[in-house]
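Analysis of the macromolecular model
As a plain string of letters, each chain reads:
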Amino acid sequence: YGQGSSREHAALVPLYLGVKAVIVKSFARIHKANLINSGIIPLEFKNKEDYDKINEFVSLTTDNLFASLDAGIVTFKADGFEFQAEANISERDKEIIKKGGYLNFIKDKIDILKLFRNRMLKKKLEKKLKIKALEESKIKKCVFKIVKI
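In what follows, the accompanying structure is described. (Residues numbered from 1 in each chain as written. Predicted model: local features only at pLDDT ≥ 70, side-chain atom pairs only at ≥ 80, totals over all residues. Heavy atoms only, no water.)

On a plain count of helices and strands, the chain comes out with five helices and five strands. Reading the secondary structure of the chain in the N-to-C direction produces α-β-α-β-β-α-β-β-α-α. Across the 149 residues in the chain, those meeting the buried criterion constitute 26%. For the chain, the share of sequence-separated contacts (at least 6 apart) that also reach a separation of at least 24 residues comes to 47%. With the model as given, the accessible surface of the chain reaches about 10,900 Å², and the carbon-plus-sulfur share is 58%. (Helix = DSSP H or I, 4+ residues; strand = E, 2+ residues; numbered from the N terminus. Buried < 20%, exposed > 50% of the residue type's maximum accessible area, 1.4 Å probe, protein only. Contact = heavy atoms within 4.5 Å. Areas by Shrake-Rupley, 256 points an atom, 1.4 Å probe, with all protein chains shown as cover.)

Spelled out as C-alpha cells, the structure:
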C-alpha cells in the first residue's frame, strides 16, 4: 500500500478525509512514514487472510486504541468476527501519532525547549542580579569605610 510517486499525497488525502488509521497487508516504507507524520496509525493485518473477510462498508470498533498501540497489537471487532492488526512502529513513531502528527510533535519539543531556555535565562539573570547586588553591597561597604576614615 502506498507505492509510487504519489505516496505523499496518498497520506494527505486520508488526513483531510479524517482517517485515523489504515489497515493493510503491507506498506511501502516511505508511505508508512508519511502516514505517521500525518498522525495516521499504520496497521498491518496480523493474519493476512482477514483482509478478505472485510470490505469498505464494514464498521470496525476497538477499545482503548492508544493502549493497544503501545502493546503493538490492536484488536478490532467487525460484523460478527474479530481480527488483530499489528503496529510495527517505533516508540518515537507512537509518540508522533499520539501528538497528532510530526508538526505537533515538533511544536511540543520546541515549546519544551523554549520553556527550558527561558528558565535557564531566568536563572542566569537571577545569578547576575545576585552578583551585581553583592558587588554593590561591597562598594557601599567600601564607600562607607572610606567615609568613616
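Right, let's get into the side chain of Lys94. Examined against the element boundaries, Lys94 turns out to sit in helix H4 (residues 91-99). Under the relative-accessibility criterion, Lys94 is labelled buried at 6%. Separated by 3.1 Å, the side chain of Lys94 and the backbone oxygen of Asp70 make a polar contact. Not counting residues within four places of it along the chain, the set of residues in contact with Lys94 comprises Leu69, Asp70 and Ile89. (Polar contact = N/O pair within 3.5 Å; in protein donor to acceptor, adjacent residues only side chain to side chain.)

Here Lys46 shows up in the loop between strand E2 (41-45) and strand E3 (60-61). With sequence-adjacent residues up to four places away left out, Lys46 is seen in contact with Ile73, Gln84, Ala85 and Glu86.

Here we come to the packing of aromatic side chains. If you walk through the whole model with that rule in mind, you get five aromatic pairs. Through pairs of rings, three or more aromatic residues link up here, namely Phe45, Tyr51, Phe76, Phe81 and Phe83. (Phe/Tyr/Trp six-rings, centres within 6.5 Å; stacked < 30°, edge-to-face > 60°.)

Moving on, we come to the pattern of salt bridges. Under the counting rule described, the total for this entry stands at seven salt bridges. Here Lys109 ties to Glu95 by a salt bridge, and the two come within 3.4 Å at their closest N and O atoms. Placement of the pair is Lys109 in helix H5 (residues 102-148) and Glu95 in helix H4, with a sequence separation of 14 residues. Across the pair Asp108 and Lys99 runs a salt bridge whose closest N-O atoms are separated by 2.9 Å. Take Asp108: its relative accessible area is 26%, and that puts it in the partly exposed class. (Salt bridge = Lys/Arg side-chain N within 4 Å of Asp/Glu carboxyl O.)

Right, let's talk about helix H2 (residues 29-37) for a bit. All buried positions along H2 are accounted for by His31, Lys32, Asn34, Leu35 and Ile36. Just past H2, the residue Gly39 takes up positive phi, approximately 85°.

One non-glycine residue, Asn64, adopts positive backbone phi at about 50°. Here Asn64 is to be found in the loop between E3 and helix H3 (65-71). Given the relative accessible area of 56%, Asn64 is considered exposed.

Counting residues in each nonpolar core, the largest one holds 17 residues, and the members touching the most others are Ile23, Leu43, Leu69, Phe76, Phe83, Ile89 and Ile97. Elements with a minimum of two residues in this core: E2, strand E4 (73-78), strand E5 (81-86) and H4. Excluding its chain neighbours within four sequence positions, the residues that come into contact with Phe83 are Ile23, Phe45, Asp50, Ile54, Leu60, Val74, Thr75, Phe76 and Ala78. Counting six residues, the second largest nonpolar core, distinct from the first, contains Val22, Val24, Phe27 and Ile40. (Core = buried A, V, L, I, M, F, W, Y, C linked by side-chain atoms within 4.5 Å.)

Turning our eyes to something else, we now look at the sheet that holds E4. Spatially, E1-E2-E5-E4-E3 is the arrangement adopted by the five strands of the open sheet, whose pairing is mixed. Unpaired on one side and paired on the other, strand E1 (21-24) and E3 mark the two borders of the sheet. Bridge analysis of E1 against E2 gives four bridges, and the strand direction is parallel. The residue of E2 that forms the bridge with Val22 is Pro42. (Pairing = 2+ DSSP bridges.)

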